[in-house]
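# Fold and contact review
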4 protein chains.
Amino acid sequence: MNPQRPEPAGKLKLAKALRELLENKDFNSITTANIAKTADVNEALIYRYYGDKRGLLHYLLSNYLDAFIKQISIDLKGIEGAVNKLRKLIWTHIYLYDHNRVFAKILLLEVRNYPGYFSSETYRTVKVYTKIILELIAEGVENREIRNDISTSLIRQIILGGIEHTCLPAIIFNREMDIDLLHEELCSAIFKGIQPIK
Amino acid sequence: MNPQRPEPAGKLKLAKALRELLENKDFNSITTANIAKTADVNEALIYRYYGDKRGLLHYLLSNYLDAFIKQISIDLKGIEGAVNKLRKLIWTHIYLYDHNRVFAKILLLEVRNYPGYFSSETYRTVKVYTKIILELIAEGVENREIRNDISTSLIRQIILGGIEHTCLPAIIFNREMDIDLLHEELCSAIFKGIQPIK
Amino acid sequence: MNPQRPEPAGKLKLAKALRELLENKDFNSITTANIAKTADVNEALIYRYYGDKRGLLHYLLSNYLDAFIKQISIDLKGIEGAVNKLRKLIWTHIYLYDHNRVFAKILLLEVRNYPGYFSSETYRTVKVYTKIILELIAEGVENREIRNDISTSLIRQIILGGIEHTCLPAIIFNREMDIDLLHEELCSAIFKGIQPIK
Amino acid sequence: MNPQRPEPAGKLKLAKALRELLENKDFNSITTANIAKTADVNEALIYRYYGDKRGLLHYLLSNYLDAFIKQISIDLKGIEGAVNKLRKLIWTHIYLYDHNRVFAKILLLEVRNYPGYFSSETYRTVKVYTKIILELIAEGVENREIRNDISTSLIRQIILGGIEHTCLPAIIFNREMDIDLLHEELCSAIFKGIQPIK
DNA sequence: CATGAATGAGCATTCATTCAT
DNA sequence: TATGAATGAATGCTCATTCAT
């Protein structure tokens, strides 16, 4: 219960091992034997620390998501205006996807199809993020930067869907991404539609 | 002796079964037992009729590709001008992806990573299609509808990449597609760049 | 029931096909599909004509055994004395093993281990042969060419065991056989022991 | 950490089970399910401990070969003269084949035809043995007990071929062996030819 | 905190055999 | 007389997971 107690060595080694392996293989074709051997610990530790193989994946993911959210929070500091903040958020989101393709892949492709996703901690962490977005939108609506005749949740949908739509092909096919270009295109598409008509 | 001998029931049932299963799962996580049970035939028939599990997938695909190409060829009839034909081709391509999501998924995601794809019959059929596109582009260049300072194969790349980029997210996440909208956006992006500056 | 009715084409083709295949593979690794394809007939014919795969093998074998016995019977004509006839019989036996290695292999290795061998037609034909030997021995005993204080069946055992012993290594490892040398060694070993002490 | 850690129970049970089964069936017709059931352990242990089914066979074999070579080395102690040592070696070889028929069978029949045999550890161990023989022969040549106009490797060939030829039939057909008789016959045949003419 | 041992369920694939026509 | 369609029972092998220590 002591939040300060350091994680056991084996637990960390396993997480590190899976992260490594995910760079070259997809989750389903990585075996537990594989992970344990790479980590140089016993296979059974996966079950002790993470419940099961998928648990380890979610642990990895939630670690990443925490960093993701922390990064975005920092990046928003000092920016004025909800739309400006959202622009920055989108840029960082794309940037982080580009620089953490393994996680992007898991998040975009692996994690959703599985039963239990919506009751997972990953999902709870994702919701923290979507809540941040929602609040920015609400702020925008209040400031009259954003139309008030579209529901905030639909707007959030548009933003997240747009990011996904924008990044997915490059991530699936390991293509390079021109972050600034993609960001510009995406923002103009999004904000043209959701900004109030003056 | 009859070259038109109808396909055996089991063969067709298997193809149908895999098509069904692919709607919800990806190929690798569909088992042969799974397919056979869905088809309500014996597992061994997969091997009798298709050589192996992957053979069945390629059968499905090549059936679809033939229909795909036939449809596009018909759709181009009566249209004048290379750019107009290409616009129509893109529309039909998107339309067919939208209405045959299983095949779109296979084509976009499953089939490429596999060793032997480039020596498969599927690949040969795909090349028939890309050749059609190439010829339309060449026609366009000749008629001065399309710039002659970009290689035709690069232009083809742009078109096919664009279609992919446009359709992939909707296909992966089973989202609805506004075909006309996507088509319009895609075409304006493509043709703005490749039409000659007057 | 007409003994003159010719064998159906398919039946013969199958026998021929198996004989061919046995030259390069052992029986267990030849499949029924294999046989039928080589014979260019339907797989089910094996079951119509021979009951099962092993039945076909036994048919082949009994054909061979008939020829074997016929050949030996002819070879014995015009030879005087039981021991001389036995010498000739042994020579021909070795000769035929050497020149029909496929059958030698089946007879020596494949056929015995199987349940049902002793009630097979093959076994009945083999008994015709051993009866010939037994009669030659009895003739020899009567003529005082062969000791009368060893049972004829034991003597037969010694002869057949000796032949087997002599030929087996060459047959298993596909080695060449010096028929005359083997014959001489074997006969001197056998007849030294079984001829009456003068 | 203890390098002498005892072999796991399951590993040993599997080896014992295969040894038992080989008494009545040949390796190819023994299934992994068969082995596991006889050993009363899980089939997967074969793969954990031996890599695959054939690995288990080679384990059995190499255990046996080690004992074989150890026994022969001991038996040669205190014997004077290369030819006398070879005689003893031949006797022990025949004796061990007689008393370990399963291994004799594997060694004579199963192991050779397989691809990879010549790069296996079994083969390396076999070579240790043949080297012992070669050295004895060289010793004999030096002492003028053995002719020096036949290559030592040919002489080794004659000895090993002779043993094989002598034991094979009895081993294949589970017949009894009169070891002393076989030994005497074989040695007289071998050494008549290879001893120097005085 | 960590491990070695063991397992059940499943995997793609093979093959001798049956049967309606 | 012959065939195409179909199948049950294996086969060697893999892997996530459990558990006593």
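Residues numbered from 1 in each chain as written. Chains lettered and ligands numbered in written order. Predicted model: local features only at pLDDT ≥ 70, side-chain atom pairs only at ≥ 80, totals over all residues. Heavy atoms only, no water.

## Re the overall build of chain A
Scanning chain A for helices and strands turns up 9 helices and 0 strands. Start at the N end of chain A and walk to the C end: the helices and strands fall as α-α-α-α-α-α-α-α-α. Here the C-alpha coordinates of chain A stretch approximately 65 × 40 × 30 Å along the principal axes. Burial analysis of chain A (198 residues in total) assigns 46% to the buried set. In chain A, once contacts between residues fewer than 6 apart in sequence are set aside, the share between residues at least 24 apart is 70%. Carbon together with sulfur atoms contributes 51% to the accessible area of chain A, which is approximately 10900 Å² in total. Counting 27 positive and 24 negative side-chain charges, chain A places the averaged centre of each group 4 Å from the other. (Helix = DSSP H or I, 4+ residues; strand = E, 2+ residues; numbered from the N terminus. Buried < 20%, exposed > 50% of the residue type's maximum accessible area, 1.4 Å probe, protein only. Contact = heavy atoms within 4.5 Å. Areas by Shrake-Rupley, 256 points an atom, 1.4 Å probe, with all protein chains shown as cover. Lys, Arg positive; Asp, Glu negative; His and termini not counted. Charge placed at Lys NZ, Arg CZ, Asp CG, Glu CD.)

## Points about the interface of chain B and chain A
With 11 residues of chain B at the contact, the number on the chain A side is 12 residues. Counting each side, the surface lost to burial between chain B and chain A is near 940 Å², with a carbon and sulfur contribution of 69%. Linking chain B to chain A there are 2 salt bridges. The salt bridge partner of glutamate 164 of chain B is arginine 175 of chain A, with a shortest N-O separation of 2.6 Å. At the boundary of chain B with chain A, the tally comes to 2 residue pairs in polar contact (both at pLDDT 80 or more). The set of elements that each furnish at least two residues to the side of chain B that touches chain A consists of helix H6 (101-110) and helix H8 (152-172) of chain B. (Buried area = accessible area lost by both parts, 1.4 Å probe. Salt bridge = Lys/Arg side-chain N within 4 Å of Asp/Glu carboxyl O. Polar contact = N/O pair within 3.5 Å; in protein donor to acceptor, adjacent residues only side chain to side chain.)

## Quick word on the packing of aromatic side chains
Scanning the entire structure with this criterion turns up 22 aromatic pairs over all chains. For the ring pair tryptophan 91 of chain C and tyrosine 95 of chain C, a centre distance of 5.2 Å and an interplane angle of 15° mean the geometry is stacked. Highlighted residues: tryptophan 91 of chain C and tyrosine 95 of chain C, both in helix H5 (residues 82-99), separated by 4 residues, approximately one helical turn. Note on tyrosine 95 of chain C: relative accessible area 31%, which makes it partly exposed. Every member of this aromatic cluster is reached through a ring pair, and the members are Tyr64, Phe68, Tyr97, Phe103 and Tyr129 of chain B. Note that lysine 53 of chain D overlies the ring of phenylalanine 27 of chain D, its terminal NZ or CZ placed 4.6 Å from the centroid. (Phe/Tyr/Trp six-rings, centres within 6.5 Å; stacked < 30°, edge-to-face > 60°. Lys NZ or Arg CZ within 6 Å of the ring centre and 35° of its normal.)

## Looking at the pattern of salt bridges
All names here are of chain C. For the structure on display, the rule yields 28 salt bridges over all chains. Glutamate 20 is the partner of lysine 16 in a salt bridge, and the nearest nitrogen-oxygen pair spans 3.8 Å. Here the residue lysine 16 and the residue glutamate 20 both occupy positions in helix H1 (residues 9-22), the gap between them amounting to 4 residues, near one helical turn. Residue classification places glutamate 20 among the partly exposed residues on the basis of a relative accessible area of 41%. Between arginine 147 and aspartate 149 there is a salt bridge, with the nearest N and O atoms lying 2.9 Å from each other. Arginine 147 gets classed as partly exposed once you look at its relative accessible area, which sits at 23%.

## Remarks on the relation of the copies chain D and chain C
Overlaying chain D on chain C yields an RMSD of 0.7 Å, the required transformation being a rotation through 174° with an accompanying axial translation of 0.7 Å. The share of interface residues of chain D whose copies in chain C are also at the interface is 100%, consistent with both copies meeting through the same surface. (Least-squares fit on C-alpha atoms with pLDDT ≥ 70 in both.)

## Topic: the relation of the copies chain B and chain A
When chain B is fitted to chain A, the best match, at an RMSD of 0.7 Å, comes from turning it 174° and sliding it 0.6 Å along the axis. Both copies contact each other with a shared surface, as 100% of the interface residues of chain B are interface residues in chain A too.

## A word on the packing of helix H8 (residues 152-172) of chain A against H8 of chain B
Two packed helices can be described by the angle between their axes and the distance between those axes. Put simply, H8 of chain A and H8 of chain B touch, their axes get as near as 9 Å, and they point 95° apart. By the angle between their directions, the pair H8 of chain A and H8 of chain B is classed as roughly perpendicular. Where H8 of chain A approaches H8 of chain B, its residues His165, Thr166, Leu168, Pro169 and Ile172 of chain A are matched on the opposing element by His165, Thr166, Leu168, Pro169 and Ile172 of chain B. (Axes fitted to C-alpha atoms, helices over the stretch in contact; angles between N-to-C directions. Parallel < 35°, antiparallel > 145°, perpendicular 65-115°, else oblique.)

## Describing unusual backbone geometry
Positive phi, normally seen in glycine, also occurs at aspartate 40 of chain A, with a value near 60°. Structurally, the position occupied by aspartate 40 of chain A is in the loop between helix H2 (32-39) and helix H3 (44-50).

## Things to note about the protein's contact with DNA strand E
By nearness alone, 33 residues border DNA strand E, and Asn42 of chain A, Thr31 of chain B, Thr32 and Tyr47 of chain C together with Asn42 of chain D come closest of all. Taking all atoms of DNA strand E within 4 Å of the protein, the share assigned to sugar and phosphate is 60%. For DNA strand E, a phosphate oxygen lies 3.1 Å from a polar atom in the side chain of tyrosine 49 of chain D. Mapped by element, the contributors of at least two residues to the surface near DNA strand E are H3 of chain A, helix H3 (44-50) of chain B, helix H3 (44-50) of chain C together with helix H1 (9-22) and helix H3 (44-50) of chain D. Of the residues contributing to the surface near DNA strand E, the split by class is 17 nonpolar, 8 polar and 8 charged. (Near = heavy atom within 4 Å. Nonpolar A, V, L, I, M, F, W, Y, C, P; charged D, E, K, R; others polar.)

## Regarding the protein's contact with DNA strand F
Close to DNA strand F lie 33 residues; Thr32 of chain A, Asn42 of chain B, Asn42 and Arg48 of chain C together with Thr31 of chain D are nearest. Within 4 Å of the protein, the contacting atoms of DNA strand F are drawn from sugar and phosphate to the extent of 58%. A distance of 3.2 Å separates a base nitrogen of DNA strand F from a polar side-chain atom of arginine 48 of chain C. The separation between a phosphate oxygen of DNA strand F and a polar side-chain atom of tyrosine 49 of chain C is 2.8 Å. Of all elements in the fold, only H3 of chain A, helix H1 (9-22) and H3 of chain B, H3 of chain C together with H3 of chain D reach the threshold of two or more residues within the surface near DNA strand F. Taken together, the residues of the surface near DNA strand F break down into 17 nonpolar, 8 polar and 8 charged.

## Describing the interface of chain D and chain C
With 11 residues of chain D in contact, the opposing surface of chain C contributes 12 residues. Summed over both sides, the interface between chain D and chain C buries roughly 900 Å², with carbon and sulfur atoms accounting for 70% of that surface. Summed over the shared surface of chain D and chain C, the result is 2 salt bridges. Linking chain D with chain C are 2 residue pairs in polar contact (both at pLDDT 80 or more), by the criterion used here. For the side of chain D that touches chain C, the secondary-structure elements that each account for two or more residues are helix H6 (101-110) and helix H8 (152-172) of chain D. Of all the elements, H8 of chain D adds the most residues to the side of chain D that touches chain C, at 6 residues. When grouped by side-chain class, the residues that make up the side of chain D that touches chain C number 6 nonpolar, 2 polar and 3 charged.

Any link to function would need more than the numbers given here.
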